[in-house]
Amino acid sequence: MVRIEPVDTRTADEALLRRLHEYYLPLEAEELPGDDPAPFERFLLDRRSMRADESIPRWVALDGDEVVGSAVAYLNLEQNTHMGFARVNVARPRRGEGIAKALAGPLFDHLETEGRTLIDTYIPEGFPSRAICERAGWKMAYREKRSRLALTALDDALMGQWIDRAAERAADYQLLALKAPFDEADLGAWCELQFQMNTEPREDLEMDDEVLTPAIWRDAEEKLAAARKSLYSVVAVHRETGQWVGSSSIQTDDIHVAQAWQWETVTHPDHRNKGLGRWMKATNVLRVRDEIDGLGRIDTWNAGSNEPMLNINIAMGFEPILVLETWQGDLASARQRLGV
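Here the structure is a predicted model, which is why all the values come from computation and not from measurement. (Residues numbered from 1 in each chain as written. Predicted model: local features only at pLDDT ≥ 70, side-chain atom pairs only at ≥ 80, totals over all residues. Heavy atoms only, no water.)

(A) Representation of the overall build of the chain. What the chain contains, in helices and strands, is ten helices and 13 strands. What you see for the chain is a C-alpha radius of gyration of 21 Å, in line with the 20 Å of a compact globule of 340 residues. Once the C-alpha set of the chain is aligned to its principal axes, its extents read approximately 65 × 40 × 40 Å. Residue burial in the chain is summarised as follows: out of 340 residues, 49% are buried. (Helix = DSSP H or I, 4+ residues; strand = E, 2+ residues; numbered from the N terminus. Rg over C-alpha atoms; globule rule 2.2 N^0.38 Å. Buried < 20%, exposed > 50% of the residue type's maximum accessible area, 1.4 Å probe, protein only.)

(B) The arrangement of the packing of aromatic side chains in detail. What the rule picks out here adds up to seven aromatic pairs. Ring geometry for Phe 182 against Trp 190: centres 4.8 Å apart, planes inclined by 75°, an arrangement best described as edge-to-face. Using a relative accessible area of 4% as the deciding quantity, one classes Phe 182 as buried. One aromatic cluster is present, formed by Tyr 23, Tyr 24, Phe 40 and Phe 43 through successive ring pairs. Here the basic side chain of Arg 47 rests over the ring of Tyr 24, its NZ or CZ set 5.9 Å away from the ring centre. Over the ring of Trp 162 we find Arg 278, and its NZ or CZ is 5.1 Å from the ring centre. (Phe/Tyr/Trp six-rings, centres within 6.5 Å; stacked < 30°, edge-to-face > 60°. Lys NZ or Arg CZ within 6 Å of the ring centre and 35° of its normal.)

(C) Summary view of the pairing of strand β9 (residues 229–238). Taking burial as the measure, the ten residues of β9 include ten buried ones, the bulk of the element. Burial along β9 is two-sided: Lys 229, Leu 231, Ser 233, Val 235 and Val 237 facing one way and Ser 230, Tyr 232, Val 234, Ala 236 and His 238 facing the other are all buried. Relative to β9, strand β8 (residues 173–179) runs antiparallel, the two sharing seven bridges. Note on β9: the bridge partner recorded for Ala 177 is Val 234. With nine bridges joining them, β9 and strand β10 (residues 244–253) adopt antiparallel strand pairing. Residue pairing across strands places Ser 230 opposite Thr 252, the latter belonging to β10. Here β9 hands over to β10 after five residues, with Gly 242 in that stretch at a positive phi of 80°. (Pairing = 2+ DSSP bridges.)

(D) Main features of the packing of helix α5 (residues 156–169) against helix α9 (residues 307–316). For the pair α5 and α9, the least separation of the axes is 10 Å and the interaxial angle reads 135°. Viewed along their axes, α5 and α9 adopt a mutual orientation that is oblique. Listed contacts from α9 to Leu 158, Met 159 and Trp 162 of α5 are Ile 312, Ala 315 and Met 316. (Axes fitted to C-alpha atoms, helices over the stretch in contact; angles between N-to-C directions. Parallel < 35°, antiparallel > 145°, perpendicular 65-115°, else oblique. Contact = heavy atoms within 4.5 Å.)

(E) Region of the structure containing helix α8 (residues 276–291). Here α8 spans 22 Å end to end across 16 residues, near enough to the 22 Å set by a 1.5 Å rise per residue. Buried within α8 we find Leu 276, Gly 277, Trp 279, Met 280, Lys 281, Ala 282, Asn 284, Val 285, Leu 286 and Val 288. (Expected span 1.5 Å × (residues − 1).)

(F) Structural detail: the pairing of strand β12 (residues 297–303). The element β12 is largely enclosed, with a buried count of six among its seven residues. Across seven bridges, strand β7 (residues 139–150) lies against β12 in antiparallel orientation. Bridge assignment links Ser 147 to a residue of β12, and that residue is Thr 300. Alignment of strand β11 (residues 259–267) against β12, held across three bridges, turns out to be parallel. Each bridged residue has a counterpart across the sheet, and for Trp 261 the counterpart in β12 is Asp 299. Note that the unit made of β11, α8 and β12 has a crossover that is right-handed. (Right-handed = clockwise from strand over helix to strand, strands pointing away.)

(G) Broad picture of unusual backbone geometry. In this structure, the amide linkage connecting Ala 180 to the following residue, Pro 181, adopts the cis form with an omega of 5°. Following the sequence through the fold, Pro 181 ends up in the loop between β8 and α6 (187–194). A positive phi angle, near 55°, is found at Glu 203, a position not held by glycine. Its place among the elements puts Glu 203 in the loop between α6 and α7 (214–226). One non-glycine residue, Arg 228, adopts positive backbone phi at about 60°. Relative accessible area serves as the criterion here: at 36%, Arg 228 is assigned to the partly exposed category.

Treat this as a map of the structure, not an account of what it does.
Printed below as a string of structure tokens:
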């Protein structure tokens, strides 16, 4: 008999989280066959940590002690409070038993109670769950490419060329190397610069611009440290004005050392087409590669329509490994269409 139970992963029994981790491993292998999974310690720390401005409720479907399905929501508590993220998964051997629908009920109830009317979810391109999104009446709003750079493929000579060319194209700028936690005096300029991420392509995704405040950033830094992750950033500074006009960051992992993640690479629109993106990315990737023993790969996400950034990544040696489709639509309509 399958039962649905809510789970607060911040306080849940570690034995349950081990079973949840084991449940997720074959699901992750469906998306990236052959990929080495993150160890349980990484899974545990990630789910024990939660930022103050977010809520991530979960539900599990249990058959005895075995996890056979899960549902998760993501809600920003301060911005875009009309929308939320939702995803339901079921173990492959148990699909077709109605477990997904049973999980969707409390998930949708929670989103409705929290006043979320616009919902989005993602599915890997080509997965059959696309049919459920279509039946819900949602639209495919955003295609996102996950790409991977194997550091053995990094061309040091090319990175050196990008850095050297900056002396010609971007002589009016200099780079600052930062590592979280940032100095208090830098927080205002950092947060103001990150607002430029709102200029990145959203395709047909409906959402409001988001802002980053020093308080939100400090909380994020604390959660990174608690999860045993580090953030290495470089910032491009306009020499004449002192304005921070670009940044690029890489997050490393003290537990799953081989895996790192490229975060934002952003340049203020008034300072683009000067090679700042290549300069920042080349400088930071060499810095992290040389500092982190055992680092093997860096993954990143980009909108499928973000050609300038994709072109830089391809030139660096990033190769696509996964495409995700983000589907978005009205919660009330989806409940009616799906009978949830």
